[in-house]
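A closer look at the structure
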Amino acid sequence: MPGTKRIINAVWQAIRRWFDPSELRSVGTAPDYRFSLANERTFLAWLRTGLALIAGGLAAAQFLPPTPVRHLREAIAVALLLLGGAVAVRAVDRWARTERAIRLGEELPVSRFPAVLALIVGLGALLLVAAVLARAVGGR
């Protein structure tokens, strides 16, 4: 349980930093505002990506026709909704960590998330192609 408490505390501290601008401003020095604005634009782009995935999940749930694979439509919808939520949460975490690094004059934090997201989306596209082909071959 000590490891679990440590993880929960670390997550709580990260979330607290997202919503406490005074804590962020108390770190380092004020950067050139252009860097902060660029960081904010990147955050907003990631947020739009998350919203698009959520919209895609809702569209899949409402408008995809029944598929030969049972509950595939629901699985696609849930996967897109969860992925959209994960992208939104990751966006705010990335924004906060990047803003902190800019204020401290450190290297920007490295992230594998874009590569992981691209692989997940690519795999999802392949699965959808397989489902479309299965439907076409099955004569439905």
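Owing to the predicted nature of the structure, the values given are computational and were not obtained by experimental measurement. (Residues numbered from 1 in each chain as written. Predicted model: local features only at pLDDT ≥ 70, side-chain atom pairs only at ≥ 80, totals over all residues. Heavy atoms only, no water.)

1. Here we look at the overall build of the chain
To keep things clear, this is the line we draw: Starting at the N terminus, helices and strands are each numbered in turn, a helix being any DSSP run of H or I of at least four residues and a strand any DSSP run of E of at least two. Radius of gyration means the value over C-alpha atoms here, while the globule rule gives 2.2 Å times the residue count to the 0.38 power. Note on definitions: a residue-residue contact is assigned when non-hydrogen atoms from the two residues lie within 4.5 Å. Counted as positive: Lys and Arg. Counted as negative: Asp and Glu. His and the chain ends are not counted at all. Charge coordinates come from a single atom per side chain, which is NZ of Lys, CZ of Arg, CG of Asp or CD of Glu.
What the chain contains, in helices and strands, is 5 helices and 0 strands. Its C-alpha atoms give the chain a radius of gyration of 20 Å, clearly above 14 Å, the size a compact globule of 140 residues would have. Principal axes of the C-alpha set define a box for the chain whose edges measure 65 × 45 × 25 Å. Taking the contacts inside the chain whose residues are at least 6 apart along the sequence as the reference set, 69% of them involve residues at least 24 apart. The chain carries 18 positive and 9 negative side-chain charges, and their two centres are separated by 10 Å.

2. Considerations on the environment of Ser 36
Along the polypeptide, Ser 36 turns up in helix H3 (residues 33-63). Residues Ser 36 and Thr 98 lie 62 residues apart in sequence; the distance between their C-alpha atoms is 9.0 Å. If we ignore the near neighbours within four places in the chain, the residues touching Ser 36 are Pro 31 and Glu 99.

3. Some words on the side chain of Arg 90
Basically, it comes down to this: Polar contacts, as used here, are pairs of N or O atoms within 3.5 Å; protein pairs need one atom able to donate a hydrogen and one able to accept it. Residues neighboring in sequence count only if both atoms are side-chain atoms.
The residue Arg 90 is located in helix H4 (residues 72-104) in this model. A polar side-chain atom of Arg 90 sits 3.1 Å from a polar atom in the side chain of Asp 93. Not counting residues up to four positions away in its chain, the partners in contact with Arg 90 are Arg 97, Ser 111 and Phe 113.

4. Re a nonpolar patch on the surface
Just so we agree on the cut-off: Like charges within 9 Å and nonpolar side chains (Val, Leu, Ile, Met, Phe, Trp, Tyr) within 5 Å are joined into patches, using only residues over 30% in relative accessible area that form no salt bridge. All accessibility values rest on the Shrake-Rupley procedure with a 1.4 Å probe; residue burial counts only the protein chains present in the view. In the sections that follow, a salt bridge refers to a side-chain nitrogen of Lys or Arg positioned within 4 Å of a carboxyl oxygen of Asp or Glu.
Together, Leu 123, Leu 126 and Leu 127 make up an exposed nonpolar region whose accessible area comes to about 340 Å². Note that Leu 126 resides in helix H5 (residues 113-138).

5. Re the pattern of salt bridges
For clarity, the threshold we go by: Think of it in three bands: residues with accessible area under 20% of the maximum for their type are buried, residues over 50% are exposed, and the middle band is partly exposed, with areas taken using a 1.4 Å probe on protein chains only.
Under the defined criterion, the tally for this structure stands at 4 salt bridges. Of the charged contacts in the structure, one is a salt bridge between Arg 34 and Asp 32, with a shortest N-O distance of 2.4 Å. Residue Arg 90 is joined to Asp 93 by a salt bridge in which the shortest nitrogen-to-oxygen separation is 3.1 Å. Pair noted here: Arg 90 and Asp 93 are both in helix H4, with a separation of 3 residues, about one helical turn. As far as the burial class goes, Arg 90 and Asp 93 line up, both buried. Among the ionic contacts, a cluster of salt bridges with common partners joins Arg 90, Asp 93 and Arg 97.

6. Looking at the packing of H3 against H4
This is how the line gets drawn: Axis lines are fitted through C-alpha atoms, for helices just across the contact stretch, and the angle between N-to-C directions can take any value from 0 to 180 degrees. Each angle is binned into one of four classes, with values under 35 degrees roughly parallel, values over 145 roughly antiparallel, values of 65 to 115 roughly perpendicular, and all other values oblique. By the convention adopted, Pro, Cys, Tyr, Trp, Phe, Met, Ile, Leu, Val and Ala count as nonpolar, Lys, Arg, Asp and Glu as charged, and the other residues, Gly among them, as polar.
Following both chains from N to C, one finds H3 and H4 inclined at 170 degrees, their axes separated by 7 Å at the closest point. Between H3 and H4, the angle is such that the two are roughly antiparallel. Each residue belonging to the contact of H3 with H4 can be placed in one class, and the counts come to 20 nonpolar, 9 polar and 3 charged.

7. Focus: the packing of aromatic side chains
To keep it simple, the criterion reads: We call Phe, Tyr and Trp rings a pair once their centres come within 6.5 Å, taking the six-membered ring for Trp, and we label the pair stacked below 30 degrees between planes, edge-to-face above 60, and tilted otherwise.
Across all of its chains, the model carries 1 aromatic pair by this definition. Plain terms: the ring middles of Trp 46 and Phe 113 are 5.8 Å apart, the flat faces sit at 55 degrees to each other, and that makes the pair tilted. Here Trp 46 is found in helix H3, whereas its partner Phe 113 is found in helix H5, with 67 residues between them in sequence. Exposure remark for Trp 46: the relative accessible area of 21% places this residue in the partly exposed category.

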